[in-house]
2 protein chains.
Amino acid sequence: MNEPHQPNRLNRELEGRVVVSLEQAVAAPYCSLLLADAGARVIKVERPEGDFARGYDRGAGGHSVFFAWLNRGKESIRIDLENPGDLALLKTMLQSADVFLHNLAPGALARRGLGGDDVRVRCPQLINCQISGYGADAAGRKAYDFLVQAEAGLCAVTGTAEQPSRVGVSLCDLATGLTAFSGILRALLQRRDGGGGIDLSVSLFDVIGDWMNMPLLSHRYLGGAPSRLGLTHALIAPYGAYQTADRKQVLIAVQSNREWRALCEGVLQNPALGRDPRFADNPKRVENRAAMDRAIDAVFGRKTRAGLMASLERARIACAPLSSVQDLSHHACLRNLDIRFGGATVSVADLPLQSDAERHREVPQLDQHGAALRREFKP
Amino acid sequence: MNEPHQPNRLNRELEGRVVVSLEQAVAAPYCSLLLADAGARVIKVERPEGDFARGYDRGAGGHSVFFAWLNRGKESIRIDLENPGDLALLKTMLQSADVFLHNLAPGALARRGLGGDDVRVRCPQLINCQISGYGADAAGRKAYDFLVQAEAGLCAVTGTAEQPSRVGVSLCDLATGLTAFSGILRALLQRRDGGGGIDLSVSLFDVIGDWMNMPLLSHRYLGGAPSRLGLTHALIAPYGAYQTADRKQVLIAVQSNREWRALCEGVLQNPALGRDPRFADNPKRVENRAAMDRAIDAVFGRKTRAGLMASLERARIACAPLSSVQDLSHHACLRNLDIRFGGATVSVADLPLQSDAERHREVPQLDQHGAALRREFKP
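What counts, and at which threshold
Residues numbered from 1 in each chain as written. Chains lettered and ligands numbered in written order. Predicted model: local features only at pLDDT ≥ 70, side-chain atom pairs only at ≥ 80, totals over all residues. Heavy atoms only, no water. Helix = DSSP H or I, 4+ residues; strand = E, 2+ residues; numbered from the N terminus. Contact = heavy atoms within 4.5 Å. Areas by Shrake-Rupley, 256 points an atom, 1.4 Å probe, with all protein chains shown as cover. Lys, Arg positive; Asp, Glu negative; His and termini not counted. Charge placed at Lys NZ, Arg CZ, Asp CG, Glu CD. Phe/Tyr/Trp six-rings, centres within 6.5 Å; stacked < 30°, edge-to-face > 60°. Buried < 20%, exposed > 50% of the residue type's maximum accessible area, 1.4 Å probe, protein only. Lys NZ or Arg CZ within 6 Å of the ring centre and 35° of its normal. Salt bridge = Lys/Arg side-chain N within 4 Å of Asp/Glu carboxyl O. Pairing = 2+ DSSP bridges. Axes fitted to C-alpha atoms, helices over the stretch in contact; angles between N-to-C directions. Core = buried A, V, L, I, M, F, W, Y, C linked by side-chain atoms within 4.5 Å. Least-squares fit on C-alpha atoms with pLDDT ≥ 70 in both. Parallel < 35°, antiparallel > 145°, perpendicular 65-115°, else oblique. Left-handed = near helix turned anticlockwise from the far one by under 90°. Nonpolar A, V, L, I, M, F, W, Y, C, P; charged D, E, K, R; others polar. Polar contact = N/O pair within 3.5 Å; in protein donor to acceptor, adjacent residues only side chain to side chain. Buried area = accessible area lost by both parts, 1.4 Å probe. pLDDT = per-residue confidence, 0-100.

Asks: How should I be thinking about the overall build of chain A in this particular structure?
Replies: Broken down by element type, chain A carries 15 helices and 12 strands. With the principal axes as the frame, chain A shows a C-alpha extent of 80 × 55 × 45 Å. For chain A, the proportion of contacts with a sequence separation of at least 24, taken over those separated by at least 6, is 67%. A total of about 14,200 Å² of accessible surface is found on chain A, and carbon and sulfur atoms cover 47% of it. Here chain A holds 46 positive side-chain charges and 42 negative ones, and the gap between their average locations is 3 Å.

Asks: When you look at the packing of aromatic side chains in this model, what are you seeing that I'm missing?
Replies: Any aromatic ring pair is given by two values, namely how distant the centres are and how the planes are angled relative to each other. Counted under the stated rule, the structure contains 17 aromatic pairs over all chains. Considering the side-chain rings of Y144 of chain A and Y239 of chain B, the 6.4 Å spacing of their centres and the 55° angle between planes classify their relative orientation as tilted. Taken as a pair, Y144 of chain A in the loop between β5 (127–132) and α5 (145–151) and Y239 of chain B in strand β7 (residues 239–243) lie in two separate chains rather than in one. The two residues Y144 of chain A and Y239 of chain B agree in class, both being buried. Here Y30 of chain B and W69 of chain B contribute two aromatic rings whose centre-to-centre distance is 6.2 Å and whose plane-to-plane angle is 50°, an arrangement assigned as tilted. Taken together, the residues Y30 of chain B in helix α1 (residues 27–37) and W69 of chain B in helix α2 (residues 65–71) connect sequence positions 39 residues apart. By the burial criterion, Y30 of chain B is buried, and W69 of chain B matches it. Put simply, the rings of Y144 and F146 of chain A together with Y239 of chain B touch in pairs and so form one group of aromatic residues. The ring of F146 of chain B carries the charged tip of R166 of chain B above its face, separated from the ring centre by 5.6 Å.

Asks: Where do I start with the pattern of salt bridges in this structure?
Replies: Side-chain pairs of opposite charge can arise whenever the charged atoms involved come near each other. Residue and element names in this part refer to chain B. For the structure shown, the criterion picks out 46 salt bridges over all chains. Residue R335 is joined to D350 by a salt bridge in which the shortest nitrogen-to-oxygen separation is 3.5 Å. With a gap of 15 residues between them, R335 in the loop between α14 (325–329) and β10 (336–341) and D350 in the loop between β11 (344–349) and β12 (362–363) connect regions that are remote in the sequence. Take R335: its relative accessible area is 22%, and that puts it in the partly exposed class. With relative accessibility at 9%, the residue D350 sits in the buried group.

Asks: Help me understand the sheet that holds strand β5 (residues 127–132) of chain B, please; the structure alone is not making it clear to me.
Replies: Residue and element names in this part refer to chain B. The strand order β3-β2-β1-β4-β5-β6 describes an open sheet built from six strands, whose pairing is parallel. With one partner strand each, in any of the chains shown, β3 (75–78) and β6 (198–203) form the two edges of the open sheet. Neighbour to neighbour, the strand axes of the sheet diverge by 20° on average, direction disregarded. Here helix α3 (residues 84–95) sits on the sheet in contact with β1 (18–22), β2 (41–46), β3 and β4 (99–102), set at roughly 145° to β1. Sitting on the sheet, helix α7 (residues 204–211) is in contact with β5 and β6, with an inclination near 65° to β6.

Asks: Sorry, what's going on with the nonpolar core here?
Replies: Ranked by internal contacts, the top residues of the largest apolar core, which has 172 residues, are Y30 and W211 of chain A together with Y30 and W211 of chain B. Excluding anything up to four places from it in sequence, W211 of chain B contacts Y30, V169, L171, L174, A175, L178 and W211 of chain A together with A175 of chain B.

Asks: Would you take a moment to explain the relation of the copies chain A and chain B for this structure?
Replies: Both copies of the chain are related by one operation, a rotation about an axis with a shift along it. For the pair chain A and chain B, the relating rotation is 180°, the translation along its axis is 0.0 Å, and the fit reaches an RMSD of 0.0 Å. One copy is carried onto the other by what is essentially a two-fold rotation axis.

Asks: What exactly am I supposed to notice about the packing of helix α6 (residues 171–192) of chain A against helix α6 (residues 171–192) of chain B here?
Replies: How two helices sit against one another is set out by the angle between their axes and by the gap between those axes. Relative to each other, α6 of chain A and α6 of chain B sit at 25°, their axes nearing to 10 Å. In terms of orientation, α6 of chain A and α6 of chain B fall into the roughly parallel class. As α6 of chain A packs across α6 of chain B, the resulting crossing turns out to be left-handed. On α6 of chain B, the residues that touch L171, A175, L178, T179, F181, S182, L185, R186, L188, L189 and R192 of chain A of α6 of chain A are L171, A175, L178, T179, F181, S182, L185, R186, L188, L189 and R192 of chain B. Tallied by class, residues from the contact of α6 of chain A with α6 of chain B come to 14 nonpolar, four polar and four charged.

Asks: Looking at this structure, I do not really get the side chain of E13 of chain B. What am I missing?
Replies: Structurally, E13 of chain B is set in the segment before β1. Taking relative accessible area as the criterion, E13 of chain B reaches 7% and is therefore assigned buried. A polar atom in the side chain of E13 of chain B sits 2.3 Å from the side chain of R186 of chain A. Leave out the neighbours within four places in its chain, and E13 of chain B touches R186 and Q190 of chain A together with A38 of chain B.

Asks: I would appreciate a short explanation of the environment of F205 of chain A in the present structure.
Replies: As for its position among the elements, F205 of chain A is in helix α7 (residues 204–211). As a C-alpha pair, F205 of chain A and G116 of chain A span 89 residues in sequence and 22 Å in three-dimensional space. If we ignore the near neighbours within four places in the chain, the residues touching F205 of chain A are G133, Y134, V148, E151 and A152 of chain A together with L328, H331, C333 and L334 of chain B.

Asks: Help me understand the interface of chain A and chain B in this model?
Replies: Accessible area lost when the parts come together is the quantity often used to give the size of an interface. Residue-level contacts link 129 residues of chain A with 128 residues of chain B. Ranking the residues of chain A by area buried against chain B places R186, W211 and M214 of chain A at the top, with a combined share of 8%. Run the count over chain A and chain B and you get four salt bridges. Here chain A is connected to chain B by 34 residue pairs in polar contact (both at pLDDT 80 or more). In terms of residue count, α6 of chain A provides more of the side of chain A that touches chain B than any other element does, 15 residues in total. Class assignment for the residues of the side of chain A that touches chain B results in 66 nonpolar, 39 polar and 24 charged.

Asks: Mind showing me how you'd approach the sheet that holds strand β11 (residues 344–349) of chain A here?
Replies: Strands belonging to one sheet form pairs held by backbone hydrogen bonds; the direction of such a pair is parallel or antiparallel. Taken in spatial order, the three strands line up as β11-β10-β12 (chain A) in an open sheet, and their pairing is mixed. At either margin of the open sheet sits one strand with a lone partner, and together these are β11 and β12 (362–363) of chain A. The strands touched by helix α8 (residues 213–221) of chain B within the sheet are β10 (336–341) and β11 of chain A, with β11 of chain A carrying the most contacts at an inclination of about 140°.

Asks: Got a minute to help me understand the confidence of the model for chain A in this structure?
Replies: Low-confidence regions, as indicated by low pLDDT, have predicted coordinates that should not be scrutinised in detail. All names here are of chain A. Chain-level statistics for chain A give a pLDDT mean of 93 and a share of 96% at 70 or above. Low pLDDT, under 50, characterises residues 1–5; the predicted model gives this stretch three contacts beyond four residues in sequence or across chains. The ipTM value of the predicted complex is 0.96, and its pTM value is 0.96.

Following this line, the structure appears as structure tokens:
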């Protein structure tokens, strides 16, 4: 094939980098999953009883499917920080490491001679990245994803008018792991230009604080945070879910008066509605939302979702089905990846950045690489 | 001060890099905000009428506060892609660029000689990053954050038993912008080792597909996706919100039987409850949730939130207040940044990765840097 300008894609660009990750649960393991996927060698240091995420569930032939998703492509070693020999081994590993990642409680490392100042004496080039709940100074406060969602106001803007709700994925953990990953990449770029090691500290609260800017700025400058309205947008209409004849739901988003007229003409078959002064612009449509919804429901409720979506797409109205998790599992756009954990195969949703490298597929058992690592890094 | 091992922090490590971003709305502007914050020069190319996000609201002295948050530190130029002179100017700018970022509808660029193959003829080293809704191949489908939330099943796991809900922040857009940022950093690291330009394509659906792994794997391997339970965790108990005497809510998270006993002894003042076989382990507590909640409510409902949280923290039980957006706005951990847009000052939540560089604070008016850029990049 003659493809003169075929571009490269990402291809294990972190090959040769060594990451030592003293990690548990979700945020730091997700960060080191991304590092491993980009080609780094990731040594997962586990407490004697193992990362407690190994016990989250038993879906992968007795092992945890959640753990499998977050930990493929890593080497596992069991380390007892109370054991002097183990502690010496960890310090030796850090002397060969580019990155030291950890999400232990603040203070736990300093007590064992693994604080920032200690590790930099031996390894001045080390990128030292701490993940915490509320910042390095808020020592001792336990932070779980759901608690941070609540404390940062995210639950207050999610749910129905009556009931604030948790977001159904651990987005504080995941956003923090991804932010830490971006910080480590930035530090690798910076370190190349000389200079010593770099300290990074990422907190779940800071990450979600930034992501809360839209409701926060609404509160500060626009007269209040947006209302919780379930599957309806508070400030734009029509923008939300409507029921179809086959008892499914379809979401539509109308972002301009031109699109409103296209909806009335092309889908509702009612051009007069497009000229109705009650619905002439978005503020009027929000004000007269109940009457507008009745007009839409009267038509949508007589059509199947598939037929309706076809006519919405012909009219160039943005639309989407309301999917169940089962619908997602069979969605044509979902890219799956089969990974292996012991004898079990687990089909996970793949990472979004595609690469020319083969994906890692093996999930380590606890201490699977312990003996080899102890030989390699003998203090 | 004698601080022998004072580490570096991030400090404009992308200085000297040039990013041309043909962008609108949220996902790509958030990505280029992160690039600008890391020191890159970001040229924001706007359609003749401007990024439509400029019209999202009028909270910053007539300008949009949302636009302000997403666009500080960039140079703005108005470009009409239908005008041959403007198109030539854009192509000249791309010859000096390290990164070409865009979130126009797929196909819109190729029609104007700005497709991947076209730009690489002139600029073989270019990192070309496309952000789309459902992938480069799903041409023409409009994708808004809320629609992707619904289609990817996120709304199905968020909300109450009766009512699925939208997540109150644009997390698909933000997660995609951050993922694209990490991809561009990876590409910059890879390009340093030789080789030509790199193509990246990031879709909102792929990003949120990965973030849906927990409910997806629950569905596939654990008997079903977790139920929607408002502010209650489906699989762990007690884990959720309880009302206090002063009509506030506090969330607690009990993750072990040891913590359950500590709650009963130290906070509920009822050691016998800690030994009650109905609540002996997490499966039993989930099964007998109603009785457990009555016992907790009886005590929590008689205490103020402040007093309760103090005793929870003494007992080492993870807890958090349920915050409103107003509470967030005054939270002691929130780091604010004052930015300037025309004559107005806007106080936003700062980015989570701290740096030794001064933050950008100026938000560009439409075409504010147009004349200077036209001189600099005269075709």
